[in-house]
Amino acid sequence: MGEMGSASKLPEHTMLSASERLELPKSVKIKIALCQLSVRSEKNQNLVRARNMIKIAAESGARIVVLPEMWNCPYSKDFFAKFAEDFDNEDSSPTISLLSEAASCHGITIIGGSLPEWSNGRLYNTSCVFGPDGKLSAKHRKIHLFDVDIPGDITFKESDIFTGGDKPTIVDTDAGCVGVGICHDIRFPELAMLYAAKGAHIICYPGAFNISTGELLWELMQRSRAADNQLFVATCSPSRDSCGGYAIWGHSTLVGPSGEIIATTGHEENVIVAEIDYSKIKLQRKSIPLDKQKRGDIYQFVDECEEEKHQNSE
Ligand SMILES: NC(=O)CCC(=O)C(=O)O
């Protein structure tokens, strides 16, 4: 694995304004790859297999490569702490080294799925973004932790183990402006709206939905976030046969700005490579200008008594 150097240090922020971002990225058409990896209980095997998938993706022409939620570690409370790495300690973070080396070796942007991260005695579910120079360009800590209790079906409480993130994450890459969320973050439209308002072209959600909620909601959530905000949404999941006893839905998908599915897959291990045509964003926003049609002034209930008092006093 290559030298990491200062790969794990976040750059000083050079954020563009939303209106600057509304200009299309230099390359209007790019390829994106979604690596639906089968996650094993041996960390090193996951690193080797993911590295191989990134190579396949890059050789297929992908400029952005997305990995799944928890791809170096089974999605299981028995593994998160054991597999966690301190990203700031370069000697003890083989996964960060790998992502940095792979991004610079192929000259691509990697949305590095998510990994268990140790920081100051806390555990986070964290996604790291690397640019073609191999440097860390953003770090998103899962904001909305997945706590679920469906009697007779599934009980899982991420908040028993993880601390939630407290910041939204948007990053300007040479292949478009990317908003980042992790799995359960997709259920919160406010986050996607914020990214759209800041000028994101695509929102990437590494995710590991389970079979209980996935069938009904996984595709619906992605298409809703894309259609509401008229931008691209990409998701990347581990495959169903991943270790850990949590039944994963799979179905990594790319959705376009009218809510259309551009590419998807089943639940097996697979690398999906698909084309993004960023000009579709402008076209969709021109055809149906939701932003201009919005009535921000009336999305609130007016207290009728207050209204009456106000009218009487006039
Ligand atoms: N890993 C997750 O955040 C799972 C989210 C999920 O399945 C859901 O229904 O929400």
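Refer to the structure printed above.
Here is what the cut-offs are and how they apply
- Residues numbered from 1 in each chain as written.
- Predicted model: local features only at pLDDT ≥ 70, side-chain atom pairs only at ≥ 80, totals over all residues.
- Buried ≥ 20, exposed ≤ 12 C-beta atoms within 10 Å, placed from the backbone.
- Helix = DSSP H or I, 4+ residues; strand = E, 2+ residues; numbered from the N terminus.
- Arc of directions from axis to C-beta.
- Contact = placed C-beta atoms within 7 Å.
- Near = placed C-beta within 6 Å.
- Nonpolar A, V, L, I, M, F, W, Y, C, P; charged D, E, K, R; others polar.
- Pairing = 2+ DSSP bridges.
- Axes fitted to C-alpha atoms, helices over the stretch in contact; angles between N-to-C directions.
- Parallel < 35°, antiparallel > 145°, perpendicular 65-115°, else oblique.
- Left-handed = near helix turned anticlockwise from the far one by under 90°.
- Core = buried A, V, L, I, M, F, W, Y, C linked by C-beta atoms within 7 Å.

J.: So what's going on with helix α5 (residues 189–197)? Residues and values would help.
T.: What α5 keeps buried is the set Leu191, Ala192, Tyr195 and Ala196. All buried residues of α5 fall inside an arc of 140 degrees around its axis, so they share one side. In α5, the exposed positions that point more than 90 degrees away from the buried face belong to Glu190 and Ala197. In the core, the buried residues of α5 are packed alongside β9 (169–173), β10 (176–180), β11 (202–206) and α6 (211–229). Directly beyond the C-terminal end of α5, a positive phi value near 100 degrees is found at Gly199.

J.: Tell me what's going on with the site of the ligand, and back it up with residues and numbers.
T.: Within the structure, the ligand sits among Glu69, Phe146, Cys183, His184, Arg187, Ala208, Phe209, Asn210, Thr213 and Leu217. Here the residues of the shell around the ligand sort into 5 nonpolar, 3 polar and 2 charged.

J.: Can you lay out the sheet that holds β10 for me, pointing to particular residues and giving the numbers?
T.: Across the sheet, 6 strands lie side by side as β9-β10-β11-β12-β13-β14; this open sheet has mixed pairing. What marks the edges here is a single partner per strand, and that holds for β9 and β14 (261–264). Geometrically, the sheet is characterised by an average inter-axis angle of 20 degrees between neighbouring strands, direction not taken into account. Sheet topology places β10 next to β11; 3 bridges connect them, and they run parallel. In the sheet register, Gly179 faces β11, and the bridge partner there is Ile203.

J.: So what about unusual backbone geometry? Which residues, and what values?
T.: Positive phi, normally seen in glycine, also occurs at Asn120, with a value near 50 degrees. Checked against the element boundaries, Asn120 lands in the loop between β4 (115–119) and β5 (122–130). The backbone of Gln230 sits at a positive phi, close to 55 degrees, despite the residue not being glycine. Considering the arrangement of structural elements, one finds Gln230 in the loop between α6 and β12 (232–236). A residue is classified by how many C-beta atoms lie within 10 Å of it, and Gln230, with 23 of them, is buried.

J.: Give me the packing of α5 against α6: which residues, what numbers.
T.: Running from amino to carboxyl end, α5 crosses α6 at an angle of 40 degrees, the nearest separation of the two axes being 10 Å. With respect to α6, the axis of α5 lies oblique. The interaxial crossing formed by α5 with α6 has right-handed handedness. Judged by residue contacts, Pro189, Ala192, Met193 and Ala196 of α5 engage Arg225, Asp228 and Asn229 from α6. By residue class, the composition of the contact of α5 with α6 is 4 nonpolar, 1 polar and 2 charged.

J.: For the environment of Pro289, give the residues involved together with the corresponding values.
T.: Its place among the elements puts Pro289 in the loop between α7 (279–287) and α8 (290–293). In this structure the C-alpha to C-alpha distance between Pro289 and Gln230, which are 59 residues apart in sequence, comes to 9.5 Å.

J.: Tell me about the nonpolar core, residues and numbers included.
T.: Of all hydrophobic cores here, the largest spans 79 residues; its most connected members are Ile32, Ala33, Cys35, Val65, Val66 and Ala234. For Val65, the residues in contact, after removing those within four places along its chain, are Ala33, Cys35, Ile54, Ala57, Ala58, Ile108 and Ile110.

J.: I'd love a proper account of the environment of Cys35, names of residues and values included.
T.: Considering the arrangement of structural elements, one finds Cys35 in strand β1 (residues 29–36). Sequence-wise, Cys35 and Thr235 are 200 residues apart; in three dimensions their C-alpha atoms are separated by 9.7 Å. Contact partners of Cys35, with chain neighbours within four places excluded, come to Ala50, Met53, Ile54, Ala57, Val65, Val66, Leu67, Cys236 and Val271.

J.: Let's hear about the packing of helix α2 (residues 43–59) against helix α4 (residues 94–106): which residues, and what values?
T.: In contact at an axis separation of 11 Å, α2 and α4 are set at 15 degrees when each is read in the N-to-C sense. The angle between the axes of α2 and α4 places the two elements in the roughly parallel class. Between α2 and α4 lies a crossing of right-handed hand. Contact residues: Leu47, Arg51, Ile54 and Ala58 in α2; Pro94, Thr95, Leu98, Ala102 and His106 in α4. In the contact of α2 with α4, the residues fall into 6 nonpolar, 2 polar and 1 charged.

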